[in-house]
Amino acid sequence: MADMSDGGGSAAGNAGAIAKVGVIGAGVMGAAIAAHVANAGVPVVLLDLARDGEPGALARAAVERMLKADPAPFMSRAAAKLVAPGDLDADFGLLSDCDWIVEAAVERLDVKQGLYRRVEAVRKRGAAVSSNTSTLPLAALTQGLPERFAEDFLVTHFFNPPRYMRLLEIVAGPLTRTQTVARVARFCDVFLGKTVIFCKDRPGFVANRLGAFWLQAAVSLAIAEGLDVEEADALLSRPVGVPKTGVFGLLDLVGLDLTPHVAQSLAAALAPDDPFQRVAKPAPALEAMIARGLTGRKAEGGFYRLNRAGGGRVKEAIDLATLDYRTARKPAIEALDESRGDLRRLMSHDSREGRYVWRVMSGTLAYAAALVGDAADDPAAVDTAMRLGYGWRHGPFELIDRIGAGWLADRLAAEGRPVPDLLRTAAGRGFSRVENGARETLQADGAYAPARRGDGVLLLEDVKLRGAPLLRNSAAALWDVGDGVACFEFTSKMNALDPDTLELLMRAVHEVGRRHRALVIYNEGENFSVGANLGLALFAANIAIWPEIEMLVAQGQTAYRMLKYAPFPVVGAPSGMALGGGCEILLHCDAVQAHAETYMGLVEVGVGLIPGWGGCKEMLARWAAHGRLPKGPMPAVSTVFELVGTARVAKSAAEAKELLYLRPGDGITMNRDRLLADAKAKALALAPGYAPPPAPAFALPGPSGACALRLAAGAFRLAGKASAHDMTVLSALGRVLSGGDADALSPIGEDALLKLEREAFMSLVRDRATLERVEHMLETGKPLRN
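Criteria and thresholds
Residues numbered from 1 in each chain as written. Predicted model: local features only at pLDDT ≥ 70, side-chain atom pairs only at ≥ 80, totals over all residues. Heavy atoms only, no water. Helix = DSSP H or I, 4+ residues; strand = E, 2+ residues; numbered from the N terminus. Rg over C-alpha atoms; globule rule 2.2 N^0.38 Å. Buried < 20%, exposed > 50% of the residue type's maximum accessible area, 1.4 Å probe, protein only. Contact = heavy atoms within 4.5 Å. Areas by Shrake-Rupley, 256 points an atom, 1.4 Å probe, with all protein chains shown as cover. Lys, Arg positive; Asp, Glu negative; His and termini not counted. Charge placed at Lys NZ, Arg CZ, Asp CG, Glu CD. Patch = residues over 30% accessible without salt bridge, like charges linked within 9 Å, V, L, I, M, F, W, Y side chains within 5 Å. Salt bridge = Lys/Arg side-chain N within 4 Å of Asp/Glu carboxyl O. Pairing = 2+ DSSP bridges. Right-handed = clockwise from strand over helix to strand, strands pointing away. Phe/Tyr/Trp six-rings, centres within 6.5 Å; stacked < 30°, edge-to-face > 60°. Lys NZ or Arg CZ within 6 Å of the ring centre and 35° of its normal. Axes fitted to C-alpha atoms, helices over the stretch in contact; angles between N-to-C directions. Parallel < 35°, antiparallel > 145°, perpendicular 65-115°, else oblique. Left-handed = near helix turned anticlockwise from the far one by under 90°. Nonpolar A, V, L, I, M, F, W, Y, C, P; charged D, E, K, R; others polar. Disulfide = S-S within 2.5 Å. Expected span 1.5 Å × (residues − 1). Arc of directions from axis to C-beta. Polar contact = N/O pair within 3.5 Å; in protein donor to acceptor, adjacent residues only side chain to side chain. Core = buried A, V, L, I, M, F, W, Y, C linked by side-chain atoms within 4.5 Å.

S.K.: Which parts of the structure should I look at to understand the overall build of the chain?
M.R.: Scanning the chain from terminus to terminus reveals 33 helices and 23 strands. By the compact-globule yardstick of 28 Å for 786 residues, the chain fits well, its C-alpha radius of gyration being 28 Å. Based on the C-alpha atoms only, the size of the chain along its principal axes is roughly 80 × 65 × 65 Å. The buried share of the chain, taken over its 786 residues, is 56%. Relative to all contacts within the chain whose residues are 6 or more apart in sequence, the contacts with residues 24 or more apart total 70%. Of the roughly 32,200 Å² that the chain leaves accessible, carbon and sulfur atoms contribute 53%. Computed over 88 positive and 90 negative side-chain charges, the separation of the two mean positions in the chain equals 2 Å.

S.K.: What am I meant to see in a positive patch on the surface here?
M.R.: On the surface, Arg238, Lys244, Arg297 and Lys315 cluster together into a positively charged patch. Mapping lysine 315 onto the fold places it in strand 10 (residues 314-318). Overall, lysine 315 belongs to the partly exposed group, its relative accessible area being 47%.

S.K.: Just to check I follow, could you spell out the pairing of strand 8 (residues 195-199) for this structure?
M.R.: The side chains of a regular strand alternate, residue by residue, between the two faces of the sheet. Of the two faces of strand 8, the one holding Thr195, Ile197 and Cys199 is buried and the one holding Val196 and Phe198 is not buried anywhere. As paired elements, strand 7 (residues 167-172) and strand 8 share five bridges and run parallel to each other. Bridged to isoleucine 170 within strand 8 is phenylalanine 198. For the segment spanning strand 7, helix 8 (residues 178-190) and strand 8, crossover handedness is right-handed.

S.K.: When you look at the packing of aromatic side chains in this model, what are you seeing that I'm missing?
M.R.: Each pair of aromatic rings is reported with the distance of its centres and the angle of its planes. Summed over the entire model, instances satisfying the criterion amount to 13 aromatic pairs. Centre to centre, the rings of phenylalanine 213 and tyrosine 367 are 4.6 Å apart; their planes meet at 25°, and the pair counts as stacked. Of the two residues, phenylalanine 213 is situated in helix 9 (residues 207-225) and tyrosine 367 in helix 16 (residues 352-371); the sequence distance between them amounts to 154 residues. A centroid spacing of 5.7 Å and a plane angle of 75° characterise the contact between tryptophan 358 and tryptophan 407, whose relative ring orientation is edge-to-face. In this pair, tryptophan 358 is assigned in helix 16 and tryptophan 407 in helix 19 (residues 405-414), connecting sequence segments 49 residues apart. Judged by its relative accessible area of 3%, tryptophan 358 falls in the buried class. Grouping aromatic residues by their ring pairs yields a cluster made of Trp100, Phe187 and Phe191. In this structure, arginine 118 is placed above the aromatic ring of phenylalanine 92, and the distance from its NZ or CZ to the ring centre is 4.0 Å. The positively charged end of arginine 411 is found above the aromatic ring belonging to tryptophan 358, 3.8 Å away from the centroid.

S.K.: Would you mind going over the sheet that holds strand 10 with me for this structure?
M.R.: Paired through backbone hydrogen bonds, the strands of a sheet run either parallel or antiparallel to each other. What the three strands build is an open sheet, ordered 9-10-11; its pairing is antiparallel. Edge strands, defined here as strands with exactly one partner in the open sheet, are strand 9 (304-307) and strand 11 (325-327). Taken pair by pair, the neighbouring strands of this sheet meet at an average axis angle of 40°, ignoring direction. In the sheet, strand 9 pairs with strand 10 via four bridges, with the strands oriented antiparallel. In the strand pairing of strand 10, asparagine 307 is matched with valine 314.

S.K.: Help me out: how do you make sense of the environment of phenylalanine 303 in this one?
M.R.: Relative to the assigned elements, phenylalanine 303 resides in the loop between helix 13 (284-291) and strand 9. Note: C-alpha distance between phenylalanine 303 and leucine 286 (17 residues apart in sequence) is 9.3 Å.

S.K.: Got a minute to help me understand the packing of helix 31 (residues 724-737) against helix 32 (residues 750-765) in this structure?
M.R.: When two helices pack together, their arrangement is given by the angle between the helix axes and the distance between those axes. Relative orientation of the contacting elements helix 31 and helix 32 amounts to 165°, with a least axis distance of 9 Å. Between helix 31 and helix 32, the angle is such that the two are roughly antiparallel. Note that helix 31 runs across helix 32; the crossing there is right-handed. Listed contacts from helix 32 to Thr728, Val729, Ala732, Arg735 and Val736 of helix 31 are Leu753, Leu756, Glu757, Ala760 and Leu764. The residue makeup of the contact of helix 31 with helix 32, split by class, is seven nonpolar, one polar and two charged.

S.K.: It is not clear to me how the state of the cysteines should be interpreted in this structure. Could you clarify?
M.R.: Note: disulfide means a covalent bond formed between the sulfur atoms of two cysteine side chains. On inspection of all chains with the given rule, the structure shows zero disulfides. Residue cysteine 188 stays outside any disulfide, its sulfur separated by 13 Å from that of cysteine 199, the closest cysteine.

S.K.: What is the right way to look at helix 12 (residues 258-269) in this model?
M.R.: Given 3.6 residues to a turn, an α-helix orients residues that are three or four positions apart in the same direction. Taking 1.5 Å per residue, 12 residues should reach 16 Å; helix 12 reaches 17 Å between its end C-alpha atoms and fits that length. For helix 12, the set of buried residues is Thr259, Pro260, Ala263 and Leu266. Axial view of helix 12: buried residues confined to an arc of 135°, hence all on one face. Helix 12 presents His261 and Ala268 as exposed residues on the side facing more than 90 degrees away from its buried surface.

S.K.: How do you make sense of the environment of aspartate 743 when you look at a structure like this?
M.R.: Examined against the element boundaries, aspartate 743 turns out to sit in the loop between helix 31 and helix 32. When the C-alpha positions of aspartate 743 and alanine 34 are compared, they lie 52 Å apart, and in sequence the two are 709 residues distant. Within the local environment of aspartate 743, its side chain forms a polar contact with the backbone nitrogen of leucine 745, the two atoms lying 2.9 Å apart.

S.K.: How do you make sense of the nonpolar core when you look at a structure like this?
M.R.: The nonpolar side chains of soluble globular proteins are, as a tendency, buried together. By size, the foremost hydrophobic cluster in this structure holds 126 residues, and its most contacted members are Val21, Leu46, Trp100, Phe488, Leu519 and Ile521. Among the nonpolar cores identified, the runner-up in size contains 111 residues, and Trp214, Phe276, Val372 and Leu408 belong to it.

S.K.: Can you walk me through the environment of phenylalanine 74 in this structure?
M.R.: The topology assignment puts phenylalanine 74 in the loop between helix 3 (57-68) and helix 4 (77-80). Expressed as a C-alpha distance, the spacing of phenylalanine 74 and proline 696, which sit 622 residues apart in the sequence, is 35 Å. In contact with phenylalanine 74, other than residues within four places in its own chain, are Ala35, Ala38, Asn39, Val63, Met66, Leu67, Ala79, Ala80, Val83 and Arg163.

S.K.: Quick question: what am I supposed to make of unusual backbone geometry here?
M.R.: With glycine set apart, most residues show a phi of negative sign, and most peptide bonds adopt trans. Here the bond from aspartate 70 into proline 71 is cis, since omega is 5°, no more than 30 degrees from zero. Among the secondary structure elements, proline 71 is positioned in the loop between helix 3 and helix 4. Across the junction of asparagine 160 and proline 161, the peptide omega takes the value 0°, indicating a cis bond. Relative to the helices and strands, proline 161 is located in the loop between strand 6 (153-158) and strand 7. If you check the backbone angles, phenylalanine 205 has positive phi at about 55° while not being a glycine. Relative to the helices and strands, phenylalanine 205 resides in the loop between strand 8 and helix 9. Although it is not a glycine, asparagine 436 sits at a positive phi angle of roughly 55°. Counting through the fold element by element, asparagine 436 comes out in the loop between strand 12 (432-435) and strand 13 (438-442). With relative accessibility at 81%, the residue asparagine 436 sits in the exposed group.

S.K.: I'm lost on helix 11 (residues 246-254) in this one. Help?
M.R.: Counting buried positions over the nine residues of helix 11 gives seven, a clear majority of the element. Along helix 11, the positions that sit buried rather than exposed are Gly246, Val247, Phe248, Gly249, Leu250, Leu251 and Asp252. Elements that come into contact with the buried residues of helix 11 comprise helix 9, helix 10 (229-235), helix 12, strand 9 and helix 17 (379-390). In the segment just after helix 11, glycine 255 is the residue with positive phi, at about 105°.

Here it is, written out as structure tokens:
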């Protein structure tokens, strides 16, 4: 479970006393919601029906299933202990002391209202009740129920899977108390990590209403234009800021059979003149595929499939005209080549492909404008819904600003199509602007309003609007985030670390030492850092400029030691992947405030290397001081050998604590938008009276320990779990971790261990098998076992 230290405090103290949650329904969504509440360290009751006469069996089975699932709903196995599975009849009274009760039952109004009447009979006064419905209106759900119930009732629409999808749509009714909405929203924000948008009680709320329109239009128009699925996905993916799955790949992921149900539900609930009605009817090809059981990844295939005949893995795509599969191909599209990443040029391209993108995206963007005032109060909520609910890189109004609101309105009008009033209002102005160093968003009334930020939210993107960086080069920047705290940001592709990163980091240590109280290492990229720039290392190795590589290793060691022993506190604030050198920089920080979805590990062995920037010594120091291992030099060495030698990556910040990539006192922040503020607060708390840590000494086993580790690796080799080059790498790792020629009775210092790291790294990087691994990783993104 997540340790919320410095990331919001206790649930009871910070979220209006939501200290226990109840979930009714242990299906896919209900069980996963319960798991995520447990991830926040909050006890949760999970109720469902009996199975085969065994009370609570469905709820218990759901917890067991989630412990085996991948991706995992739980952030750690410890979190599962906070879920109390029970029976919907025998254990219903367990809801009586819950502060929030979430209903995630079947989408039938009669079933839900029956449950609400039972809930009303047992819930304590003021306990919030919400439904996870995505199709039923709140007004219908509360009809005929007591006013006391309606005052505490709302819709909380989670997206699947709840742990990983940040969007939460909240709908309040006319009788819902403001305090109830604020309490639930705050809890979901701080403790569940959700970005909350408030929606009106309209069909499909925001994300699914607009998302379903986009998907329906994309499929039907692709068929009408005679496009292949690969062509449509190539057009409606990265060129328009959508994930590379595109439309047809996304439908395969969520399930083709779900699409008609959502469309039919929306069509039945919306007015006859709503633009959605034009795209509501499922394409005949889609209906035929569903009839044949071709419903996507959960079945034998969908629009795509993997043909495993003869032991192979050939990706195939369906022909939308014949519904026969053929080998998938990468299309060559002139419109993409000529538009060169310019969406307006792509939408204007005089070709079948250009017309397709124009028809799909113009309709979707116009519909988004029509939803403001109907489904949501402001454009920012719609943008957030599509970014976080459907993975769009830019929301619809951000896309409109890119192509020009006036251009879009004029072209729609020229084609005789309706132009929403909000789009006309934005013409010549745009939906977003920066005034006095702050972002503002156009509202339905034509006025601009400041972008909304919750209390405790600090974003680097906002800091950047207010001024220039303190330092900057091609790979990094240093920013002033207020109160004497500076922020070091990686800016390279995938935040890979190179000599420029390290050079600016050393300059930043001097700058912060002169003018600031503390330093935070943080960025707002998808990943904190994927480690060292392998392409640069491969280039240097291929032309045999070994001194340059050794200089890079030494530079990294120097920079990281400067951080560790700086005269001010350094706090790392990772989110996403923190691998290799990205993990090592965090190991050298005084403290870490990690986003819950941080994936840390020393993965160098996967490319035939070992950690070379102090990762080995830092992990040895942590495990040696752990206190729970047997005494003597070998237990810590063996544990680190296993972690590093298997390239073990923690799949959450909670697991990173278990593996000691994070210390017990490091904090975890559930909401990504609160990470910088929490890290800054931690840094300021460390600043008064700060002194750098003492240099550690290591009692290591020396050659006898290295021999024992080689024997352990040999057993893996005999079992077929280690390749020939793995043995070379593990032997080098074992020598470093054992301290080289050290004697357990004579402790060695950091300098000696860093020297061993450098020597082992340089030996391995000269090995042709290592270079083959590096090259393979750069080309395929996958490790080579050679």
